[in-house]
Amino acid sequence: MKKMFIPLAVLTAAMFAYAPVAIANAPYESTMLLIQKIFYFHVPAWMAMYAGIAVCGIASGIYLFKGRPAADRLAVAAAELIVLFGAIGLVTGPLWGRKAWGVWWQWDARLTMALLLELVFIAYLLVRAYGGPGSDKLAAAVGIFGMAVSPFVYVSVNIWRTVHPLNTVVPTLKAGMFGPFWFCAMAFLLLFTLLLTLRMNLAEEQAMLDDLYLADEE
Amino acid sequence: MFLRTALLVLRKDFAIEIKSYEIFATTLFFAVGCVLVFAFALVKEGQAPPDSAAAILWIALLFAGTLALGRTFERERYGETIRALLLAPAPRPAIYVGKLLGILCLLGLTEVLLVPLIALLFAAPLLARLTLLLPLLVCGTVGFAAVGTLFAAMLMRARTRDVMLPILLYPMTIPVIIAGVRGTSALLASPPDEPTAIMWLTILLCFDVVFVTLSLWTFEPLMTE
């Protein structure tokens, strides 16, 4: 784990340094021109968030049913990253919407979905902080349920929104856009992995410290 | 054994409740109060906005249900009977099912009161559409109660249990709310849009199957603390 930090950090930094260049060189989208370019950070932030939901849900399941503390640490790290990348998505979304649609929020299907999942995982962090004794297992249940509810949120919000016509059309990617898009997606997923390993390492060291304190008191 | 245990838990809750009707009466009147608050907030010049009847029905159920959940488990915590329940030589998920059935009965009785009341106050043809409304209400209530019973049981020992239950429950049950409200308002349209209502009913059914299974599965490891 620790040996991966420096090469991963260097690689991620390099990718993010190059990203603006790649984005600037990408072709303009026909209706939204410059505004559309926020898409290269907005969608990868979402992809990182969904990766986090999958990681958190599975780690929570392993912790709840097998009791491995490492799984609990992974679940916490993933939940914090879900809230972080979700916040990035929820900030870039309205910024884009304000310019493209003229309003900050429009109950668009995907924004609403992101908001709901963000709330579920903020609830996860609140349970861990204020849940009292046994809050790690409570939070693990929230993590599992959060992952289980994602497809239902997707289906219901999608149908809820597409019954009323939207006044934007999801842009179909032009040929030159795939490159920068996947480059940024890779950069975000690497950032996600880097932050995950850092946070897990922190949690492990906290656990070691706790064990040492307890051993010291005996 | 499983069913017997669940029904025993249900009977126990019933027996306690019949003595004073405390949770039942107060939940019912809270739901009515909720409907009135929404009525006064929304009705303008004697007319409520369209589709508000469906929305108010489900919101009142959501709020009343949250309170009822908290208080059912508060009773267990106060009487310290939860340890006795967990020590009983019975499958733990059966205890969950017993509690779930209790909440379903309570919310069912609340719905029996709320549906005619809302139909009356908002001139909504709810009672004419019972063939599809009833399955919608049943499936929606089961979905909400399944998740709610698990979380309420989990949070019993937490200090901040009163506020944590809605914080956890509401985002998780938004699909139930969307499906319930959209399905009910599809039924209230003239003519009633039955295919849409059936579509939302199917989504609710899938939600119920997934979440009751998930709750049964996770109840055991969660309650071992």
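Details of the structure are given in the entry above.
Residues numbered from 1 in each chain as written. Chains lettered and ligands numbered in written order. Predicted model: local features only at pLDDT ≥ 70, side-chain atom pairs only at ≥ 80, totals over all residues.

(A) Spatial organisation of the overall build of chain A. Counting its secondary structure elements, chain A contains six helices and zero strands. Along chain A, helices and strands appear, N-terminal first, in the series α-α-α-α-α-α. Each principal axis of the C-alpha atoms in chain A carries an extent, and together these give about 70 × 40 × 25 Å. Split into buried and exposed, the 218 residues of chain A put 33% on the buried side. (Helix = DSSP H or I, 4+ residues; strand = E, 2+ residues; numbered from the N terminus. Buried ≥ 20, exposed ≤ 12 C-beta atoms within 10 Å, placed from the backbone.)

(B) Expanded view of the overall build of chain B. Looking only at helices and strands, chain B has nine helices and zero strands in total. Ordered by position from the N terminus, the helices and strands of chain B form the series α-α-α-α-α-α-α-α-α. Going through the 225 residues of chain B one by one, you find that 44% of them count as buried. For chain B, contacts bridging at least 24 residues in sequence account for 84% of all contacts bridging at least 6. (Contact = placed C-beta atoms within 7 Å.)

(C) Highlighting the interface of chain A and chain B. Taken together, the contact pairs 28 residues of chain A with 25 residues of chain B. Among the secondary structure elements, those contributing two or more residues to the side of chain A that touches chain B are helix H2 (39-66), helix H4 (109-130) and helix H5 (135-162) of chain A. Per-element tally for the side of chain A that touches chain B: the top contributor is H5(A), with 15 residues. Here the side of chain A that touches chain B is built from residues that sort into 22 nonpolar, five polar and one charged. (Nonpolar A, V, L, I, M, F, W, Y, C, P; charged D, E, K, R; others polar.)

(D) Representation of the environment of A:Phe183 in the model. Residue and element names in this part refer to chain A. Structurally, Phe 183 is set in helix H6 (residues 178-217). The spatial distance from the C-alpha of Phe 183 to the C-alpha of Tyr 213 is 45 Å, given a sequence separation of 30 residues. Every residue in contact with Phe 183, bar those within four places of it in the chain, is listed here: Ala 19 and Ala 22.

(E) The packing of helix H3 (residues 69-100) of chain A against H4(A), seen in detail. Residues and elements named next belong to chain A. At a closest axis distance of 9 Å, the pairing of H3 and H4 adopts a crossing angle of 145 degrees. Here H3 and H4 pass one another in a crossing that is left-handed. Seen from H3, the contacting residues are Val 76, Ala 79, Glu 80, Ile 82, Val 83, Gly 86, Gly 89, Leu 90 and Gly 93; seen from H4, they are Leu 111, Ala 114, Leu 115, Leu 117, Glu 118, Phe 121, Ile 122, Tyr 124, Leu 125 and Arg 128. (Axes fitted to C-alpha atoms, helices over the stretch in contact; angles between N-to-C directions. Left-handed = near helix turned anticlockwise from the far one by under 90°.)

(F) Here's a closer look at the environment of A:Leu111. Residue and element names in this part refer to chain A. Looking at where Leu 111 falls in the secondary structure, it is placed in helix H4. Accessibility expressed as a C-beta count within 10 Å gives 19 for Leu 111, which makes it partly exposed. For Leu 111, the contacting residues outside a window of four places in its chain are Gly 93 and Trp 105.

(G) Just helix H6 (residues 130-154) of chain B, in detail. Here H6(B) is 25 residues long and its end C-alpha atoms lie 35 Å apart, about the 36 Å a rise of 1.5 Å per residue gives. Where burial is concerned, most of H6(B) is hidden: 19 out of the 25 residues are buried. (Expected span 1.5 Å × (residues − 1).)

(H) Highlighting helix H5 (residues 92-121) of chain B. Taking 1.5 Å per residue as the helical rise, H5(B) with its 30 residues ought to reach 44 Å, and the 43 Å between its terminal C-alpha atoms agrees with that figure. Once H5(B) finishes, B:Ala123 follows within two positions and takes phi at roughly 50 degrees, a positive value.

(I) Focus on the nonpolar core. A:Ala78, B:Leu57 and B:Ile118 are the most contacted members of the largest nonpolar core, which totals 119 residues. The leading source of residues in this core is H6(B), at 14 residues. Apart from the residues lying within four places of it in its own chain, the contact partners of A:Ala78 are A:Gly52, A:Val55, A:Cys56, A:Ala59 and A:Leu196. (Core = buried A, V, L, I, M, F, W, Y, C linked by C-beta atoms within 7 Å.)

(J) Just the packing of helix H3 (residues 52-79) of chain B against helix H8 (residues 174-188) of chain B, in detail. Residue and element names in this part refer to chain B. Where H3 meets H8, the closest approach of the two axes is 8 Å, and the angle between their N-to-C directions is 145 degrees. The chirality of how H3 crosses H8 is right-handed. Contacts from Ala 53, Ala 54, Ala 55, Leu 57, Trp 58 and Leu 62 of H3 reach H8 at Ile 177, Gly 180, Val 181, Thr 184, Ser 185 and Leu 188. Across the contact of H3 with H8, the residue classes break down as nine nonpolar, three polar and no charged.

(K) Summary view of unusual backbone geometry. Residues and elements named next belong to chain B. Backbone torsion omega between Ser 190 and Pro 191 reads 0 degrees, so that peptide bond is classified as cis. Mapped onto the elements of the fold, Pro 191 is located in the loop between H8 and helix H9 (194-222). If you check the backbone angles, Tyr 21 has positive phi at about 55 degrees while not being a glycine. Unlike most non-glycine residues, Ala 123 shows phi in positive territory, near 50 degrees. Inspection of the secondary structure puts Ala 123 in the loop between H5 and H6. You can call Ala 123 exposed: it has 10 C-beta atoms within 10 Å.

(L) Just the environment of B:Thr27, in detail. Residue and element names in this part refer to chain B. The residue Thr 27 is located in helix H2 (residues 22-42) in this model. Spatially, the C-alpha atoms of Thr 27 and Ala 15 are 18 Å apart, while their sequence positions differ by twelve residues. Those residues within four positions of Thr 27 in sequence are excluded, and the remaining contacts are Ala 64, Leu 67, Ala 68, Leu 106 and Thr 110.

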